[in-house]
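A look at the structure
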Amino acid sequence: MKILHTSDLHVGKKLMGRERYAEYRAVFSELAEICKSEQIELVLIAGDVFDTYTPSAEAEEIFYSGVKLLAAHGAVLVISGNHDDYVRLTAAASLAEELNVYIVGNSSKCIKCAKREGAYPKKSGFGWVIFANGRGERVYINTLPYPNEARFKEGKTDESFEEKMARWLALGEEGKTEKLPSVLLSHIFVAGGAVSDSEREIDLGGTRVVPLDMLPKCDYIALGHLHKRQHLGKNAYYCGAPMQFTFDESGAKKSVNVFDLTENGVQNFKQIEVTSPRKLIRLQANGVQNGLKLLEDNKDYYVELTLNLGGSMLPAESAELHLCENLVSLKAEVGGIITANSVVSNKNKTSSQIFSDYYKLRYDKEVPKDLLSLFLSLTEEE
């Protein structure tokens, strides 16, 4: 069966206050073209569909219109991430199923099975589903959305997080009554994964990290949560977000994973670059005029510009720079010191960074790790 793996769409996420709706629409259109050209039968979306629990109406319209485009070429299986309100995300699940789109908000509900043209869910249980196609090929998928007790309707217990994870993962393995090509589809932070500035704090000081060797044996592990594409162990993949969200991702290629899953495992694996979103770039120039030239030469990019100045910037010079549509962030340095011309904003900071900055300002020392973990657990930025 031909499969496409993507994740962390974060529909509605802004770039330092700037809307990017047109880019999200372009991403879905590009993914649909990839599905068509690669003859994809099953699309896996590994969580964080939206950027917030309360996405705008336009963000929701973009997502549902987008998955409809994908479903024109094959089945679509979506799980919720930590940024998604799983109840809200699955509100339209019954209607979505009619389009061959299946949304898993938690592991306590089974996917409705019905035979459809192309790939379709043939059998399902709590935390798992078997997809089949017209050629009789079948694929077993363990579906584990972002895991915590509240989402799985569980009370607090004396179990450690690792013990709970082992139990939740085992639940998704219970349907393996015969040998089939298999996938784990999950939204978790696996030990060894590399983070970027665009993820909110996710490991709670290490307490929510999942050891790689805890994951079940399967042919392909389709992960979401981390925005950098990366390969862990033998067959675990973060495909990464399809868009650049922060300037530390400048230069990073964005892509989706495409592969055939057969009785012999994963074959014809490749990463197909996603090119439709606008790229982010960090630039540095000596003086305002050189900065303006750089902005003109990089019109197709969103730019974070750092200017090296011999003196303070004049208001007219700052105004001229900000007339450039592609300038997102302006930093000015005089003798190596960032001046008041820099954009000071918390919009691009994680809650952890904001809390840490406040604590250091208030108490003149770094925030203790246990206090930071407690704060993050209250904000559920895990």
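Calculation notes
Residues numbered from 1 in each chain as written. Predicted model: local features only at pLDDT ≥ 70, side-chain atom pairs only at ≥ 80, totals over all residues. Heavy atoms only, no water. Pairing = 2+ DSSP bridges. Helix = DSSP H or I, 4+ residues; strand = E, 2+ residues; numbered from the N terminus. Axes fitted to C-alpha atoms, helices over the stretch in contact; angles between N-to-C directions. Contact = heavy atoms within 4.5 Å. Buried < 20%, exposed > 50% of the residue type's maximum accessible area, 1.4 Å probe, protein only. Polar contact = N/O pair within 3.5 Å; in protein donor to acceptor, adjacent residues only side chain to side chain. pLDDT = per-residue confidence, 0-100. Phe/Tyr/Trp six-rings, centres within 6.5 Å; stacked < 30°, edge-to-face > 60°. Disulfide = S-S within 2.5 Å. Right-handed = clockwise from strand over helix to strand, strands pointing away.

Here the focus is the sheet that holds strand S2 (residues 42–46). Spatially, the 6 strands line up as an open sheet ordered S4-S3-S2-S1-S14-S15, and their pairing is mixed. Two strands close off the open sheet at either side, each with one partner strand: strand S4 (101–104) and strand S15 (265–273). Strand-to-strand twist of the sheet, defined as the mean angle between neighbouring strand axes without regard to direction, takes the value 20 degrees. As paired elements, strand S3 (residues 75–79) and S4 share 4 bridges and run parallel to each other. Paired with Leu77 across the bridge in S4 is Tyr102. Contacts from helix H2 (residues 57–71) reach S2, S3 and S4, with the element oriented near 140 degrees to S3.

Moving on to the pairing of strand S11 (residues 220–224). S11 sits mainly inside the fold: 5 of its 5 residues count as buried. Where burial is concerned, the two faces of S11 agree: the one with Tyr220, Ala222 and Gly224 and the one with Ile221 and Leu223 are both buried. Pairing between strand S8 (residues 182–187) and S11: 5 bridges, direction parallel. Bridge assignment links His187 to a residue of S11, and that residue is Gly224. Strand direction decides the pairing type here: S11 and strand S13 (residues 236–238), joined by 3 bridges, are parallel. Residue pairing for S13: Ile221 is matched across the bridge by Ala236.

Take the side chain of Asn257 next. Mapping Asn257 onto the fold places it in strand S14 (residues 255–262). A polar atom in the side chain of Asn257 sits 3.0 Å from the side chain of Tyr220. Apart from the residues lying within four places of it in its own chain, the contact partners of Asn257 are Ile3, Leu4, His5, Tyr220, Tyr237, Cys239, Phe269, Lys270 and Gln271.

In this model, the chain carries an average pLDDT of 88, and 90% of its residues clear a pLDDT of 70 or more. For residues 338–347, every residue scores under 50 in pLDDT, and the model assigns this stretch 14 contacts once sequence neighbours within four places are set aside.

What follows covers the packing of aromatic side chains. Aromatic ring pairs are described here by two measures, namely the spacing of the ring centres and the angle between the planes. Counted under the stated rule, the structure contains 9 aromatic pairs. A centroid spacing of 5.5 Å and a plane angle of 70 degrees characterise the contact between Phe50 and Phe63, whose relative ring orientation is edge-to-face. Of the two residues, Phe50 sits in the loop between S2 and H2 while Phe63 sits in helix H2, which places them 13 residues apart along the sequence. Taken individually, Phe50 and Phe63 each receive the classification buried, so the pair is uniform in this respect.

With that settled, the discussion passes to the state of the cysteines. If you walk through the whole model with that rule in mind, you get 0 disulfides. Left without a disulfide partner, Cys110 is nearest to the cysteine sulfur of Cys113, which lies 8.1 Å away.

Side chains on a regular strand alternate between the two faces of the sheet. Most of S3 sits out of view: 5 of its 5 residues are buried. Burial along S3 is two-sided: Ala75, Leu77 and Ile79 facing one way and Val76 and Val78 facing the other are all buried. Direction of pairing for S2 relative to S3: parallel, over a ladder of 5 bridges. Bridge pairing in S3 places Ile45 opposite Val78. For the crossover that starts at S2, traverses H2 and ends in the parallel S3, the hand is right-handed.

Glancing now at the sheet that holds strand S6 (residues 128–132). Strand order in the open sheet formed by 7 strands is S5-S6-S7-S8-S11-S13-S12, and the pairing between neighbours is mixed. Of all strands in the sheet, those with a lone pairing partner are strand S5 (120–125) and strand S12 (230–232), marking the two edges. Mean inter-strand twist for the sheet, computed between neighbouring axes without regard to direction, equals 25 degrees. Direction of pairing for strand S7 (residues 138–144) relative to S8: parallel, over a ladder of 5 bridges. Residue pairing in the sheet places Ile141 in a bridge with Val183 of S8. Helix H5 (residues 161–171) contacts S6, S7 and S8 of the sheet and is inclined by roughly 150 degrees relative to S7.

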